[in-house]
Amino acid sequence: MNSVIENFLSQIKYLHELDAQNLPLEVLKELSKMSPEDLYKTCTQFVVLQNNVPSKEKVLNIDENELLVLVNEYATKLLEKIRT
């Protein structure tokens with residue numbers, strides 16, 4: 001993982017900090033340099049961190065269809081933020 005993004009994630013205190021509109025400029029710059037595949041993977045990681053509530057039985061409680069919708073929404077918001 002990119003060191004700027006890794007550092008950002010290590011300092012998060014609240015989940016709303018992962019919202020696309022709340023990402024710091026240095027993180028947005030690093031995301032804008034990524035290949036589409038890596039950007040999608042990172043969006044997926046952010047969505048899982050922000051929305052998943054693990055239980056004793058399951059580490060991932062978001063089903064595949066819900067995850068796809070959430071990641072596409074997140075990526076759309078992120079791209080809008082990067083473009084502004």
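Calculation rules
- All residue numbers refer to positions counted from 1 along the written sequence of the respective chain.
- Side-chain atom pairs in this predicted model are given and counted only at pLDDT of 80 or more, local residue features only at pLDDT of at least 70, and totals for whole chains, interfaces and linings cover all residues.
- Side-chain descriptors were evaluated using all non-hydrogen atoms of the structure, hydrogens and water having been removed beforehand.
- Buried residues of nine kinds, namely Ala, Val, Leu, Ile, Met, Phe, Trp, Tyr and Cys, make up a nonpolar core once their side-chain atoms join them within 4.5 Å.
- Only protein chains enter the accessibility calculation, which uses a 1.4 Å probe. A residue is then buried if its area is under 20% of the maximum for its type, exposed if over 50%, and partly exposed in between.
- What counts as a helix is a DSSP run of H or I of at least four residues, what counts as a strand is a run of E of at least two, and both are numbered from the N terminus.
- It only takes one pair of heavy atoms within 4.5 Å for two residues to be counted as in contact.
- Within this document, salt bridges are pairs made up of a side-chain nitrogen of Lys or Arg and a carboxyl oxygen of Asp or Glu, the two lying within 4 Å of each other.
- To estimate the expected span of a helix, count its residues, drop one, and scale the result by 1.5 Å.
- This arc describes the spread of directions from the helix axis toward the C-beta atoms.
- The criterion for an aromatic pair is that two Phe, Tyr or Trp rings (for Trp, the six-membered ring) have centres within 6.5 Å, with stacked assigned to planes under 30 degrees apart, edge-to-face to planes over 60 apart and tilted to the rest.

A. Spatial organisation of the nonpolar core. Core analysis: the biggest nonpolar cluster contains 19 residues, and Leu23, Leu31, Cys43, Phe46, Tyr74 and Leu78 have the highest contact counts within it. Counting only elements with at least two residues in this core, the list comes to α1 (3-10), α2 (25-32), α3 (36-51) and α4 (64-83). By residue number, the principal contributor to this core is α4, which donates five residues. Residues contacting Cys43, with those up to four places away along its chain left out, are Val71, Tyr74, Ala75 and Leu78.

B. View of the pattern of salt bridges. Tallying each qualifying case throughout the model produces one salt bridge. Note that Lys33 and Glu30 form a salt bridge whose closest N and O atoms lie 3.3 Å from each other.

C. Representation of α3. Taking 1.5 Å per residue as the helical rise, α3 with its 16 residues ought to reach 22 Å, and the 22 Å between its terminal C-alpha atoms agrees with that figure. Where α3 is buried, its residues touch α1, α2 and α4.

D. How the structure looks around the side chain of Glu30. Its location among the elements puts Glu30 in helix α2. Beyond its immediate stretch of four places on either side in the chain, Glu30 contacts Asn2, Val4 and Ile5.

E. Local environment of α4. Between its terminal C-alpha atoms α4 stretches 28 Å, which fits the 28 Å expected from 20 residues at 1.5 Å a residue. Looking only at α4, the buried set comprises Leu67, Val71, Tyr74, Ala75 and Leu78. End-on view of α4: buried residues confined to an arc of 105°, all on one side of the axis. Opposite its buried face, α4 presents the exposed residues Asn65 and Arg83, each directed more than 90 degrees away. Looking at the buried side of α4, the elements it contacts are α2 and α3.

F. View of the packing of aromatic side chains. Here the structure, examined in full by the defined rule, presents two aromatic pairs. For the ring pair Phe8 and Phe46, a centre distance of 6.4 Å and an interplane angle of 45° mean the geometry is tilted. Placement of Phe8 in helix α1 and of Phe46 in helix α3 is noted, with a sequence separation of 38 residues between them. Between Phe46 and Tyr74, the ring centres sit 6.2 Å apart and the planes meet at 80°, which makes this aromatic pair edge-to-face. One end of the pair, Phe46, is in helix α3; the other, Tyr74, is in helix α4, with 28 residues separating them in the sequence. Assigned by exposure class, Phe46 and Tyr74 land together as buried. Taken together through their ring pairs, the aromatic side chains of Phe8, Phe46 and Tyr74 make up a single cluster.

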